[in-house]
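# Report on the structure
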Amino acid sequence: MLLRMSTLLLRTLREDPADAEVPSHRLLLRAGYIRRAAAGGYTWLPLGKLVLDRITEVVRAEMAAIGDQEVHFPALLPAEPYRTSGRWTEYGDDIFTLEDRKGAEHLLAPTHEEMAALLVKDLFSSYRDFPVTLFQIQTKFRDEARPRAGVLRGREFLMKDAYSFDLDEAGLQAAYDRHRDAYQRIFTRLGLDFTVVHAMSGAMGGSASEEFLAATPVGEDTYVGCTTCDYAANTEAVVTRAPAAGDPHAHPATEVHDTPETPTIASLVELANARALAGRTDWTAADTLKNVVLAVRRPGAERAELLVIGLPGDREVDLKRVEAALAPATVAVFDDWSAHPELVRGYIGPQILAKHGVRYLVDPRVVTGTTWLTGANEPGRHATDVVCGRDFTPDGTIEAADVRPGDLCPACGDGELTMRRGIEVGHIFQLGRRYTDAFAVDVLGREGKPVRPTMGCYGIGVSRAVASVAEQHHDDRGLVWPAEVAPCDVHLVAAGKGPQLDAALELGGRLSAAGLRVLVDDRTHVSAGVKFTDAELIGIPRAVVVGRRLTEGYVELRDRASGERIELPVDGLVERLLDEAGGARRDGV
Ligand code: ATP
Ligand code: MG
């Protein structure tokens, strides 16, 4: 492959585009890989398409290597199967829906569990046909609330999605493990620094699930690690260890106190100590029970429901964790105070919630027998010794409290949690029978009785991976692609016109004939300096500069990552570059 800059559909930008907030987005725009075409929609320019295709090929090869079979479902689908599965409403505003000319409802698929289940039902009827795993690499559509950072979060994006069907749990576990291993190989080949973390399964349903997060400060996911064991989890999925329950009757009776002007936890703690409430002067925020009112809307529901969450006052509510816990419902801060006079803002306590039919969920630290300083449900008043299991009974627990660095690890109970940010590049789920149940996918079992297959699903954000690699591989001069995903193996720069240009083109021809992907800068109207700057911006692993020393038979080889430059004889250059690109070429197109 030989691309010529003189004719390439490419225009590099000197300045950072104003609307690009993260490095990968800035650089992919500036170096001419993508162009914004719509809100959350990007055009892949030739260089970008090459990177996208190389990543696609890595993914495709590793899926084929574990025996997954490639299919291609339509992206435009009838509403019916998604109604049957419940996802038509569960996905809420996130799916694009439309009507055809006959008025029949359709959607642009956000993922294809329904189609995969129906296809297997359509084709297979016996245990002998299993296990089977399908995958596709296809454009997905989601009406994201906040499309962001170019191809990192688009409304139209390329995903690899795979669906496994097994007859029993052991089979599903094996399929899951196979995909987990394949994902490790894929992301390693892409040059990503990633962590596999426990995850929530969100709108998909199902149980076990893990995410592959590429570490970067611009990632939208936060995840934790442990200083002692190998526990790693998305912050959404961190489970709080509950203390042992105690005797709720081992505490003094509740006492109500005048606590004027104490609508915040800090003001309450200060007053509690100043006035020695309940004879104590060692009150801290952790002794208080904070009650946060939220409005929860289930998909398809007309009105939001009231939910109060109780948590120790030294913790904040993390809305992302709440949403993950309540998915597919959505959560908003409650503001309809006038409709609920029983809720006295700043002075809410759980004592009266059951009476008013308000749902009350608590942090797992609020166990039976714990005693709290909390609101007395009257303006300017709080109560001490409000005891869980005696003065209030929660409707359940919820992981709503924020997770902080230094928190004890829930897995080993010994180490401390550390926190990082990352981008979700892959997600694997053990779905179970949610979809095979929905479509009554039954096949003849070994014993002659019907068996319902169990499913796994496995996604990779292929277009997001382009930006994730760029996010991890760049410097202040531009992109620095790992060899496996670079659009080309060699960037040839003709530093001058005339013989240097001819030699560069001739060398490019030979390199490309030898199987290398070559970009040659054969532009005649720009200076050598501009060409060098562009080469660094574009980020191809090796540049060969055909310059003044050509007359003596020498060119310069530049390594983009290390910045190393060496002079080399033109003779033997093809062999040397072939050698260096060996790994990439063997696996490549
Ligand atoms: P996110 O939490 O980032 O919104 P998700 O959990 O909704 O992602 P999945 O349904 O698990 O995404 O989809 C599988 C993969 O598709 C994700 O791991 C991610 O890499 C990719 N992906 C999801 N949404 C987008 C998007 N809007 N743009 C680009 N890639 C996406
Ligand atoms: Mg996900």
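Residues numbered from 1 in each chain as written. Chains lettered and ligands numbered in written order. Predicted model: local features only at pLDDT ≥ 70, side-chain atom pairs only at ≥ 80, totals over all residues. Heavy atoms only, no water.

## Describing the packing of helix α11 (residues 499-513) against helix α13 (residues 573-580)
Across the interface, α11 lies against α13 with an axial gap of 10 Å and an inter-helix angle of 45°. On the basis of their axis angle, the class for α11 and α13 is oblique. Read as a crossing pair, α11 and α13 show a hand that is right-handed. Of the residues in α13, those touching α11 at L507, R510 and L511 are L573, V574 and L577. In terms of residue class, the contact of α11 with α13 is built from five nonpolar, no polar and one charged. (Axes fitted to C-alpha atoms, helices over the stretch in contact; angles between N-to-C directions. Helix = DSSP H or I, 4+ residues; strand = E, 2+ residues; numbered from the N terminus. Parallel < 35°, antiparallel > 145°, perpendicular 65-115°, else oblique. Left-handed = near helix turned anticlockwise from the far one by under 90°. Contact = heavy atoms within 4.5 Å. Nonpolar A, V, L, I, M, F, W, Y, C, P; charged D, E, K, R; others polar.)

## A short note on empty space enclosed by the protein
All chains considered together, the criterion is met by two cavities of 30 Å³ or more. Of the volumes computed, that of the second largest cavity is approximately 60 Å³. Of the residues assigned to the lining of the second largest cavity, the class counts are two nonpolar, one polar and six charged. (1 Å grid on protein atoms, 1.4 Å probe; cavity = no way out; pocket = protein on both sides within 12 Å on 5 of 7 lines; lining within 4 Å. Points joined across faces, edges and corners; volume = space filled by probe spheres on them.)

## Quick look at the sheet that holds strand β14 (residues 255-258)
Spatially, the three strands line up as an open sheet ordered β14-β20-β19, and their pairing is antiparallel. Each edge of the open sheet is held by one strand with a lone partner, namely β14 and β19 (371-378). Across the sheet, the mean angle separating the axes of adjacent strands is 30° when strand polarity is ignored. Where β14 lies against strand β20 (residues 381-387), four bridges are found, and the strand directions are antiparallel. Paired with E255 across the two strands is T384, which belongs to β20. (Pairing = 2+ DSSP bridges.)

## With respect to the pairing of strand β29 (residues 518-521)
Burial along β29 is two-sided: the face carrying V518 and V520 and the face carrying L519 and D521 are both buried. Bridge count between strand β1 (residues 2-4) and β29: three bridges; the pairing is parallel. Following the sheet pairing, L3 is matched in β29 by L519. Bridge count for strand β28 (residues 490-494) against β29 is four bridges, and the pairing is parallel. (Buried < 20%, exposed > 50% of the residue type's maximum accessible area, 1.4 Å probe, protein only.)

## A few points about the site of ligand 1
The immediate surroundings of ligand 1 are formed by 14 residues, with R142, E144, R153, G154 and E424 found nearest. The separation between an oxygen atom of ligand 1 and a polar main-chain atom of G461 is 3.2 Å. Between an oxygen atom of ligand 1 and a side-chain N or O atom of R464, the distance comes to 2.9 Å. Against a free-state accessible area of 580 Å², the protein chains account for coverage of 86% of ligand 1. Those elements giving two or more residues to the shell around ligand 1 turn out to be β9 (156-166) and β22 (417-432). By residue number, the principal contributor to the shell around ligand 1 is β22, which donates four residues. Its residues assigned to classes, the shell around ligand 1 comprises five nonpolar, four polar and five charged. (Near = heavy atom within 4 Å. Polar contact = N/O pair within 3.5 Å; in protein donor to acceptor, adjacent residues only side chain to side chain. Areas by Shrake-Rupley, 256 points an atom, 1.4 Å probe, with all protein chains shown as cover.)

## Thoughts on the nonpolar core
It is characteristic of soluble globular proteins that their nonpolar side chains tend to be buried jointly. In this structure, L28, Y33, I55, F187, L190 and W481 are the most contacted members of the largest nonpolar core, which totals 62 residues. Here this core takes eight residues from helix α2 (residues 46-65), the largest share from any one element. Both domains that furnish three or more residues to this core are identified here as domain 1 (23-238 + 418-471) and domain 3 (488-587). Dropping the residues within four chain positions of it, L28 is found in contact with Y33, I34, V151, V466, A467, A470, L479 and W481. (Core = buried A, V, L, I, M, F, W, Y, C linked by side-chain atoms within 4.5 Å. Domains from an automatic or database assignment.)

## Points about the environment of E62
Mapped onto the elements of the fold, E62 is located in helix α2. A relative accessible area of 10% means that E62 is categorised as buried. Taking the C-alpha atoms as reference, E62 lies 36 Å from A504; in sequence the two are 442 residues apart. Aside from chain neighbours lying at most four places away, what touches E62 is A182, R185, I186 and R189.

## Focus on the layout of surface pockets
Take a probe with the size of a water molecule and roll it over the atoms, and the empty space left behind shows itself. One number sums up the size of the second largest pocket: a volume of about 550 Å³. Lining the second largest pocket are 24 residues, and of these P263, K290, N291, V292 and V293 lie nearest its centre. Contributing elements (two or more residues each) for the lining of the second largest pocket: α7 (265-274), β15 (289-297) and β19. In terms of residues, the lining of the second largest pocket owes the most to one element, β15, which gives six residues. Classifying every residue of the lining of the second largest pocket gives 14 nonpolar, seven polar and three charged.

## Digging into the sheet that holds strand β32 (residues 565-569)
By way of backbone hydrogen bonds, the strands of a sheet pair with one another, either parallel or antiparallel. Taken together, the six strands give an open sheet; going across it, the order is β1-β29-β28-β30-β31-β32, and neighbouring strands pair in mixed fashion. Every other strand in the sheet has two partners, leaving β1 and β32 as the edge strands with one partner each. Across the sheet, the mean angle separating the axes of adjacent strands is 25° when strand polarity is ignored. This element, helix α12 (residues 528-538), spans β28, β29, β30 (542-546) and β31 (554-559) of the sheet and lies at about 170° to β28.

## Description of the pattern of salt bridges
Side-chain pairing between opposite charges can occur once the charged atoms of the two side chains come close. Inspection of the entire model under this criterion finds 48 salt bridges. Here D16 and R26 are joined by a salt bridge, their closest N and O atoms 3.7 Å apart. In this pair, D16 is assigned in the loop between β1 and α1 (23-30) and R26 in helix α1, connecting sequence segments ten residues apart. Classification of D16 as partly exposed rests on a relative accessible area of 44%. Here the residues in one salt-bridge network are D475, D476, R477, E536 and R560, joined through shared partners. (Salt bridge = Lys/Arg side-chain N within 4 Å of Asp/Glu carboxyl O.)

## Remarks on the domain arrangement of the protein chain
The domain boundaries assigned to the protein chain delineate domain 1 (23-238 + 418-471), domain 2 (255-397) and domain 3 (488-587). Using C-alpha coordinates to define each centre, domain 1 is positioned 38 Å away from domain 3. Taken together, the seven residues of domain 1 in the interface contact six residues of domain 3. Contact with domain 3 buries area across many residues of domain 1, yet A31, L47 and R54 alone supply 54% of it, more than any other trio. (Buried area = accessible area lost by both parts, 1.4 Å probe.)

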